[in-house]
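# Descriptive analysis of the structure
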Amino acid sequence: MEMEMRSMEDTEIATDMTPSLVPLTFSLHHSNLHTHCSSCFSLLPLSPIPITPFLYCSPPCSAAHPFLLHHPAVSHSSDLRAALLLLSHHRPSVTSSRVAGLLSNRHKLTCHNNSDEDEVSERISSGVRALATAITELRGELEPDDAVLEEAECALCAVLTNAVEVQDKEGRALGIAVYGPAFSWINHSCSPNACYRFILSPSSSSSSQESKLRIAPSSFRGSPDSRIDSGLCTITNHFQKEEEEQNQGYGPRLIVRSIKRIKKGQEITIAYTDLLQSKAMRQLDLWSKYRFICCCMRCSVVPFTYVDHALQEISVSGCDFTSSSSSYNLVRDTAERRLNDSVDDIISEYLMAGDPEPCCEKLEKILMQGLCDELDNVEETPHYKFMLHPLHYLSLNAYTTLASAYKVRASDILSTTSTIYQNQLEAFDMSRTSAAYSLLLATTAHHLFNSESSLIASLANFWTGAGESLLYLARSSEWSKFFKSSLVASSVSKVKCSKCSLMDTFRAYICNGKIRNDDFENASNEFLDCISHDSTQKVWSFLVNGCRFLRSIKDPMDSGWLVSTSNSRATDPGALAKKKSEVCYLHESGNSIQTCEEQTCNENARVHIFELGVHCLAYGGLLAAICYGHHSHLASYVEQILDDKNNLIL
Ligand SMILES: C[S@@+](CC[C@H](N)C(=O)[O-])C[C@H]1O[C@@H](n2cnc3c(N)ncnc32)[C@H](O)[C@@H]1O
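A brief look at the structure comes next. (Residues numbered from 1 in each chain as written. Predicted model: local features only at pLDDT ≥ 70, side-chain atom pairs only at ≥ 80, totals over all residues. Heavy atoms only, no water.)

Taken together, 15 residues surround the ligand, and among them Glu2, Met3, Arg98, Asn187 and His188 come closest. In this structure, an oxygen atom belonging to the ligand sits 2.7 Å away from a side-chain N or O atom of Arg98. One of the backbone N or O atoms of His188 is found 2.8 Å from a nitrogen atom in the ligand. When the ligand is considered free in solution it has 560 Å² of accessible area, and contact with the protein chains removes 91% of it. Elements that contribute at least two residues to the shell around the ligand include exactly β1 (2–7), α5 (146–162) and β9 (187–188). A breakdown of the residues in the shell around the ligand according to their chemical character gives seven nonpolar, six polar and two charged. (Near = heavy atom within 4 Å. Polar contact = N/O pair within 3.5 Å; in protein donor to acceptor, adjacent residues only side chain to side chain. Areas by Shrake-Rupley, 256 points an atom, 1.4 Å probe, with all protein chains shown as cover. Helix = DSSP H or I, 4+ residues; strand = E, 2+ residues; numbered from the N terminus. Nonpolar A, V, L, I, M, F, W, Y, C, P; charged D, E, K, R; others polar.)

Structure representation (structure tokens):
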């Protein structure tokens, strides 16, 4: 029997669907054991409480956490430590497919048909052996017998199937946690209607403002298509009572929240994978971790949704394919693989070696020129050229990496030779290129969000990031040196816009915690209108001045350059191939915009960058409050920046 969760009532967007839930088991990643509390995952105070080998932030946390169960055989892995802790409360029945109500999925996870699956199942068997050794020794027995091995396998597979990665406020992975059925019975969708957030603090008491449980289980047999129960389970009351009792413990807590309007009885779904990947990548990820093929609406629709088409669109030029050409799919698949490997290699090399300059050069080269003549394993290959669409998921990854790499380059230059004029100028250029990439990421992702609203959580981060980079740039002390800026604080310290009510909507929401779908839509439309027709055009040519790739984009808010070649549902590969052979996306020389004379882009550019930054930040904050709550870290962080006059004085 498969379980799923449904809404018990009609629910608006941005509603907490559960109170804060306490995990059944959890464990920090090894690298965080010395910096974070092993019980609640909060950052450790200066004098933590040590109970070898773990550290705790407070006496209640050290008392609550039964980590006396530790064993060296499981010390290297958070999954194994979490499985050991799970076993201390719940002895699985080897005849059941569930542990503490949670699906173990062990038959699927340990079955293997190819080398990738071999690798997963080999990792599980070596984990099971280590876990069984720990269990046996902790119980004072000599050798793990078959029953212990089975117990270990059930527990480890239940952890792998149900664990979520716990992240801190900045999105860094801290460890893993497994929650009870109220969360773990929620299935995946690539167009989910809910998301979740964590609360990391030592307190175990729930606040009086917490939501009630608005979701209840429902069951079906076999595939989701063969539902036997269209209503909510009769076990609802019992389930609610059990959940309430269970939520008295410790550990990083979690709250589920709606990101769409949800009707009573509708299934609640969350994302188990990154929604900004192509369908093939999502399917691969879900299969390798959970062994299921996603059949959600977004994955099932034929032809692909606009978003899925755009996320994987590449152009193949220099050849004359016809719709019946069998070579087309082969060339396209190979090109996709090559582009994927190239971008992955460049980003991995940057992350390992930490040198941002070659990373910027190589990524921009791929974005501008694509890959040429690299299909050496395809026979009769003339001069092919493969270009990523600007909405391709690899392009989005490249913008993210480039925004960060240019920022690092700016701070590297300033940290070594900050007094030399030429270097200051160079650092300033890097900061504006970084801001331009952040803005590009937000506008391109927004284009996709218009067709797929579940991308809202990514969008919250992208707009906030763009706002931060633009404000950082506007506040840079280099302006006065290079552009003889004489701005006074009063000219820019007003964050309120006379043309849109975004700021009012954001502040009202932060204050009373209530927003209706219509208010959100109005705020979005006004924000886009305001920045499309005004700020972005005024600053873009200035921001992109130092970067050849960015200069080829006329206006990042103009969806004309973004629209995927499959504007409609006409995705016949042959027709598309023909069309594609003529498409070179945006990087034609005729597309280049007039570059901006730096001397003329002085004070006005600075004010416009400031105003655009404030808009992006407020919009990112609004989206964050919708996804994570009006008191969430990201929403409060944005509020703090907008409230702090010091941040707003240039
Ligand atoms: C965390 S559990 C979700 C609850 C689960 N349905 C149950 O019965 O307990 C994760 C497992 O649910 C199943 N699952 C989740 N989302 C699914 C989906 N969209 N399609 C098919 N199976 C899914 C997979 O077996 C996956 O390993």
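It is worth spelling out the sheet that holds strand β7 (residues 164–167) at this point. Spatial strand order, β2-β8-β7: three strands in an open sheet with antiparallel pairing. With partners counted over all chains shown, the strands left at the sheet margins are β2 (23–28) and β7, one partner each. Here the strands of the sheet are splayed against their neighbours by 35 degrees on average, with no regard to which way each runs. Sheet topology places β2 next to strand β8 (residues 173–179); five bridges connect them, and they run antiparallel. Residue pairing for β8: Pro23 is matched across the bridge by Tyr179. Across the sheet, helix α2 (residues 78–89) lies against β2 and β8, angled at about 150 degrees from β2, the strand it touches most. (Pairing = 2+ DSSP bridges. Axes fitted to C-alpha atoms, helices over the stretch in contact; angles between N-to-C directions. Contact = heavy atoms within 4.5 Å.)

With that settled, consider the sheet that holds strand β14 (residues 314–317). Taken together, the three strands give an open sheet; going across it, the order is β14-β16-β15, and neighbouring strands pair in antiparallel fashion. Of all strands in the sheet, those bounded by a partner on one side alone are β14 and β15 (371–372). Inspection of the sheet shows β15 paired to strand β16 (residues 385–388) by two bridges, in the antiparallel sense. In the sheet register, Cys372 faces β16, and the bridge partner there is Lys385. Strands in contact with helix α11 (residues 326–353) are β14, β15 and β16; relative to β14, the strand with the most contacts, it is inclined by about 120 degrees. This element, helix α12 (residues 356–369), spans β15 and β16 of the sheet and lies at about 105 degrees to β16.

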